[in-house]
Amino acid sequence: MTKALRDKIIESLTSILPIALIVFALSITFTPLDSGTFVLFTIGVFLLIVGMGCFTLGADMSMLVIGEKIGSSMTRSRKIWLIAFLSFIIGIIVTLAEPDLQILAEQVKDVAEKTILGNYLLIITVAGGVGIFLTIAMLRIVFRIRLSIILMVFYVAAFVLCFCFVDPGFWAVSFDAGGVTTGPMTVPFIMSLGVGVASIRSDKKGQDDSFGLVALSSVGPIIAVLILGIVCGAENVEYVVEELTVVNTTRDVLWNYLHGFGDYSIEVAIAISPIIAFFLIFQLATRSFHKKQLMRILFGFLYTFVGLVMFLSGANVGFMPVGRRIGEILAELWGGWLLIPIGMLIGYFVVAAEPAVHVLNKQVERMSAGAISSSAMKKGLCIGVCIAIGLAMLRILTGINIMWILVPGYVIALGLTFFTPPLFTGIAFDSGGVASGAMVSSFVLPMAIGACNALLGGEAIMTQAFGCVAFVALAPLISIQVLGIRYKHKTGKIKRNFLAVEDRILEYTVD
């Protein structure tokens with residue numbers, strides 16, 4: 001084992017261990033689990049730790065390097081049509097490579113089955129949305145348009161579509177689409193693309209504009225899925241609650257994981273192959289990387305593949321049934337009100353277990369030259385997601401319409417853009433898409449579905465359980481911008497003190 005991989009695994013251990021300890025504590029107190037499910041979860045913890053370590057190392061070696069080089073090469077060409085065309089193609093490719101999108105496609109199959117494309121209709125729709133909005137995001141950097149203005153325009157457009165044209169039962173899934181799409185495959189590539197584009201800018205705002213691509217790429221799926229709901233006439237969409245797989249023996253445990261490894265190996269291979277193909281075409285056309293770099297990148301892809309297969313197998317085979325079972329049991333205790341504090345506790349730690357969050361934090365620390373530490377970013381994200389999960393569980397218990405939270409939330413988030421440094425605006429809106437990844441969709445969402453099914457029945461799942469991903473995507477927009485305002489105030493105070501000391505020195509020198 002190389003030192004780099006060992007360091008990554010230790011880092012992932014510190015991220016996932018708190019969640020494991022919380023579940024272990026719940027299993028011997030409020031939510032006892034059967035032995036088979038507990039063994040599935042224990043193996044899942046091990047796979048998540050090793051898988052996240054391999055994935056983050058692979059992303060550092062391949063995805064980030066390729067994205068930055070492609071981004072800088074595109075912008076250096078100065079051809080607007082080429083930047084727009086390549087951005088659209090890259091947006092589609094990396095979205096089709098996102099495994100989490102398959103999960104969302106299954107949730108809206110009631111709509112998709114009305115067309116000849118079936119579940120692929122949603123995947124194609126979302127990929128097109130990301131392609132268009134990634135193009136807009138890249139052109140924004142080139143033409144130096146303020147990110148907050150574009151975000152306001154498109155979020156207002158999304159809410160107008162919701163209130164005027166789309167059935168309320170489809171609102172939660174549409175906003176969840178924005179969070180699910182920007183997952184472990186999409187985020188590293190798109191973020192590094194922005195860094196590469198901004199790197200050749202000579203003005204001081206180039207660093208600020210390096211963030212924001214993930215933010216706009218998260219808006220695209222929301223609007224695209226809303227339009228899909230209008231075109232397909234989405235009304236009274238239902239979610240079919242499937243029975244949990246019964247695991248009685250160690251052979252059942254082995255079979256479940258072998259089945260998971262097989263399915264996700266095929267899924268990840270299909271997902272990552274377009275990115276590899278695009279990279280090879282880029283290399284043949286530009287000869288940007290020498291032989292040693294090529295070998296490192298190819299090993300990076302291998303680490304990415306192995307890590308993502310292990311991570312998704314652990315999350316979906318080991319964590320998903322546990323999340324669902326915990327939600328069902330908690331819903332039956334004390335009227336379900338225990339869901340809120342436990343949900344908030346899980347929310348605080350679950351964001352640290354997202355692979356893409358580690359990529360974001362490292363990128364932010366590097367681009368800000370250490371001024372914004374990864375620990376500060378992590379704390380801001382944890383607090384935001386903690387509150388988000390609490391609101392999601394409160395909504396299940398009270399039946400509050402999702403718009404009563406989303407509309408004020410986005411008004412606050414967009415309002416803060418007038419007071420936050422532009423760099424923090426881009427980071428905050430990027431964080432929303434990054435925080436709502438594989439762990440949220442495979443653990444928190446099943447927990448919400450289990451609780452909703454126990455309290456309200458299957459009919460309310462589409463309107464009440466779905467939406468927790470949207471809340472997770474919203475919360476960092478506020479918490480990180482508040483961190484930015486605090487950072488602005490702190491640095492301003494330091495600057496004022498420095499100037500005051502400088503004035504005193506000058507006075508003393510004159511005297």
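So, here is what we can say about the structure in this document. (Residues numbered from 1 in each chain as written. Predicted model: local features only at pLDDT ≥ 70, side-chain atom pairs only at ≥ 80, totals over all residues. Heavy atoms only, no water.)

Some points on the environment of alanine 158
Relative to the helices and strands, alanine 158 resides in helix H7 (residues 147-165). With a relative accessible area of 0%, alanine 158 lands in the buried category. Alanine 158 sits 16 residues away from serine 174 along the chain, and the two C-alpha atoms are 9.6 Å apart. (Helix = DSSP H or I, 4+ residues; strand = E, 2+ residues; numbered from the N terminus. Buried < 20%, exposed > 50% of the residue type's maximum accessible area, 1.4 Å probe, protein only.)

Side note on helix H10 (residues 213-232)
Spacing of three or four residues puts side chains on the same side of an α-helix, whose turn is 3.6 residues. Helix length check: H10 (20 residues) gives 29 Å between terminal C-alpha atoms against 28 Å at 1.5 Å per residue, within 8%. Of all 20 residues that make up H10, 17 are buried, and the element is covered over most of its length. (Expected span 1.5 Å × (residues − 1).)

So, the side chain of threonine 135
Here threonine 135 shows up in helix H6 (residues 120-143). Separated by 3.4 Å, the side chain of threonine 135 and the backbone oxygen of alanine 84 make a polar contact. Beyond its immediate sequence surroundings of up to four residues, threonine 135 is in contact with Ala84, Ser87 and Phe88. (Polar contact = N/O pair within 3.5 Å; in protein donor to acceptor, adjacent residues only side chain to side chain. Contact = heavy atoms within 4.5 Å.)

What to know about empty space enclosed by the protein
Going through the model one piece at a time under the given rule, you end up with three cavities of 30 Å³ or more. Its volume calculated, the largest cavity comes out at about 90 Å³. Residue lining of the largest cavity: 13 residues in total, with Tyr155, Ser218, Ile222, Tyr410 and Ala473 positioned closest to the centre. Elements represented by at least two residues in the lining of the largest cavity include exactly helix H8 (171-181), H10, helix H17 (422-435) and helix H20 (468-510). Its residues placed into classes, the lining of the largest cavity shows eight nonpolar, five polar and no charged. A volume near 50 Å³ is recorded for the second largest cavity. Broken down by secondary-structure element, the contributors of at least two residues to the lining of the second largest cavity are helix H2 (35-76) and helix H14 (355-367). (1 Å grid on protein atoms, 1.4 Å probe; cavity = no way out; pocket = protein on both sides within 12 Å on 5 of 7 lines; lining within 4 Å. Points joined across faces, edges and corners; volume = space filled by probe spheres on them. Nonpolar A, V, L, I, M, F, W, Y, C, P; charged D, E, K, R; others polar.)

Focus on unusual backbone geometry
Notably, arginine 144 is not glycine yet its phi reads approximately 60°, a positive angle. One can find arginine 144 in the loop between H6 and H7. For tryptophan 334, which is not glycine, the phi torsion reads 50° and is therefore positive.

Some words on helix H18 (residues 438-456)
If you check H18, its first and last C-alpha atoms are 26 Å apart, about what 19 residues at 1.5 Å a residue would give, namely 27 Å. Bending of H18 peaks at approximately 25° at the position of leucine 445, with proline proline 446 no more than four residues after it. Along H18, 15 of the 19 residues are buried, which leaves the element largely enclosed by surrounding structure. Positive backbone phi, approximately 90°, marks glycine 457, located one or two places after H18. (Bend = angle between axes of the 7 residues up to and from the residue.)

Description of the state of the cysteines
In this structure the tally under the stated criterion is zero disulfides. No disulfide involves cysteine 382; its sulfur sits 8.9 Å from the nearest other cysteine sulfur, which is in cysteine 386. On the basis of relative accessibility, which here comes to 4%, the residue cysteine 382 falls in the buried class. (Disulfide = S-S within 2.5 Å.)

Quick word on the nonpolar core
Counting 162 residues, the largest nonpolar core has Ile70, Ile90, Leu151, Phe175, Leu406, Met439 and Phe443 as its most contacted members. For this core, the element with the most residues is H2, which contributes 16 residues. The residues contacting isoleucine 70, other than those within four sequence positions of it, are Ile90, Phe189, Leu193, Phe278 and Phe282. (Core = buried A, V, L, I, M, F, W, Y, C linked by side-chain atoms within 4.5 Å.)

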